[in-house]
Amino acid sequence: DDKNALSTGTAINHMSFEYSAESYRASDCFTSIQGKNQWSYLQSGGSAPAENLVFQDPDWKSTDGHGCKIGYFQMIPGGADAIRRWQAPHSGLIRMEGTVTSTGTGDAGVKAAILVNGKTVWPQQLLKAGQQATPDLQYKVTTGDQVDFVVSRGSTTAGDGAEWDPVVTYVEDDSASPANK
C-alpha cells in the first residue's frame, strides 16, 4: 500500500546476519551486589575458603585489614589474593579471555591465574611493572561451575595491582540439549 510508485518489486536482500553470543565482560557486569550478572568479588588468604569482599563505593574491599580491592578494571591483592569469580548459569563450552596488566611501579609485581572449580586452567604468571599476559582459552563447564580470575602478590612484601577485565563467552550452549532439561 505504501510502496514507492517507481518500485517494480518487493524483494528484500539481507547483506548479513549478526550472531549475538552470550557474553559476560567483568566491567560491563560490575555491580554493588554479590553474584549479580554471574560475578562475585572475593579474597583468599591461603588454605582458608575464599570470603566475600564488601562493597564500599566504588570498589569491593576487604574489611579485615588485608587491603584487598576489586574495581571495574583493577584487582589489588593486598595481603590476600583478589578473586573475581564468574559462575556458570548453564552448561556449555566457554571462552575465557582478557589482557591482564601489572600496574605497579616496583619489582614485586603480581601473579595472575585462572582456576575452574579450584583447578588451575591457566597457570600462574608473574607480571612485573607494566608487563602483560593475554589468556585466551576454552573450557567445558556445567551449571554452577566457578571460574576464578585470581591476582596474588608477586612477593611476600606489599604487592602491586593489576588491571584485568576478563570476558567469559559461551562458544557452545548446552542448555537446550535434552540432557540438560
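Scroll up to find the structure this text is about.
Since the model is a prediction, treat every value here as computed from it, not as a measurement.

About the criteria used
- Residues numbered from 1 in each chain as written.
- Predicted model: local features only at pLDDT ≥ 70, side-chain atom pairs only at ≥ 80, totals over all residues.
- Heavy atoms only, no water.
- Buried < 20%, exposed > 50% of the residue type's maximum accessible area, 1.4 Å probe, protein only.
- Helix = DSSP H or I, 4+ residues; strand = E, 2+ residues; numbered from the N terminus.
- Pairing = 2+ DSSP bridges.
- 1 Å grid on protein atoms, 1.4 Å probe; cavity = no way out; pocket = protein on both sides within 12 Å on 5 of 7 lines; lining within 4 Å.
- Points joined across faces, edges and corners; volume = space filled by probe spheres on them.
- Nonpolar A, V, L, I, M, F, W, Y, C, P; charged D, E, K, R; others polar.
- Polar contact = N/O pair within 3.5 Å; in protein donor to acceptor, adjacent residues only side chain to side chain.
- Salt bridge = Lys/Arg side-chain N within 4 Å of Asp/Glu carboxyl O.

Peer 1: Report on the pairing of strand β15 (residues 146-153), specifying residues and quantitative values.
Peer 2: Burial runs high along β15: six of the eight residues are buried. Here strand β11 (residues 110-116) runs beside β15; their pairing, made up of seven bridges, is antiparallel. Residue pairing for β15: Ile114 is matched across the bridge by Phe149.

Peer 1: Describe the layout of surface pockets, listing the residues and the values that go with them.
Peer 2: Estimated volume of the largest pocket: approximately 160 Å³. Lining the largest pocket we find 14 residues, and of these Ser44, Asp81, Ile83, Leu115 and Val150 sit closest to its centre. Among the elements of the structure, β8 (81-87), β11, β12 (119-127) and β15 are those that each provide at least two residues to the lining of the largest pocket. Grouping the amino acids of the lining of the largest pocket by side-chain chemistry returns seven nonpolar, four polar and three charged.

Peer 1: Go over the environment of Ser91, please, and point to the residues and values.
Peer 2: Within the secondary structure, Ser91 sits in the loop between β8 and β9 (92-97). In this structure Ser91 comes out as buried when scored by relative accessible area, which is 8%. In this structure the C-alpha to C-alpha distance between Ser91 and Lys140, which are 49 residues apart in sequence, comes to 7.5 Å. Polar side-chain contacts of Ser91 include one of 3.3 Å to the backbone nitrogen of Thr143.

Peer 1: Summarise the sheet that holds strand β3 (residues 51-52); cite the residues concerned and give the values.
Peer 2: Across a sheet, paired strands are connected by hydrogen bonds in the backbone, their directions being either parallel or antiparallel. Across the sheet, which stays open at both edges, the six strands sit in the order β3-β2-β8-β15-β11-β12 with antiparallel pairing between neighbours. Only two strands of the sheet have a single partner each, and these edge strands are β3 and β12. Pairing of β11 with β12 involves six bridges; the strand directions are antiparallel. Its bridge partner being in β12, Lys111 is matched across the sheet by Leu126.

Peer 1: Before we move on, could you go through the pattern of salt bridges and cite the residues and values that matter?
Peer 2: Overall, the coordinates contain six salt bridges when judged by the stated rule. Across the salt bridge formed by Asp28 and Arg25, the nearest N and O atoms sit 4.0 Å from each other. Exposure remark for Arg25: the relative accessible area of 36% places this residue in the partly exposed category. Through salt bridges with shared partners, one network takes in Arg25, Asp28 and Asp165.

Don't take any of this as a statement about function, it's just geometry.
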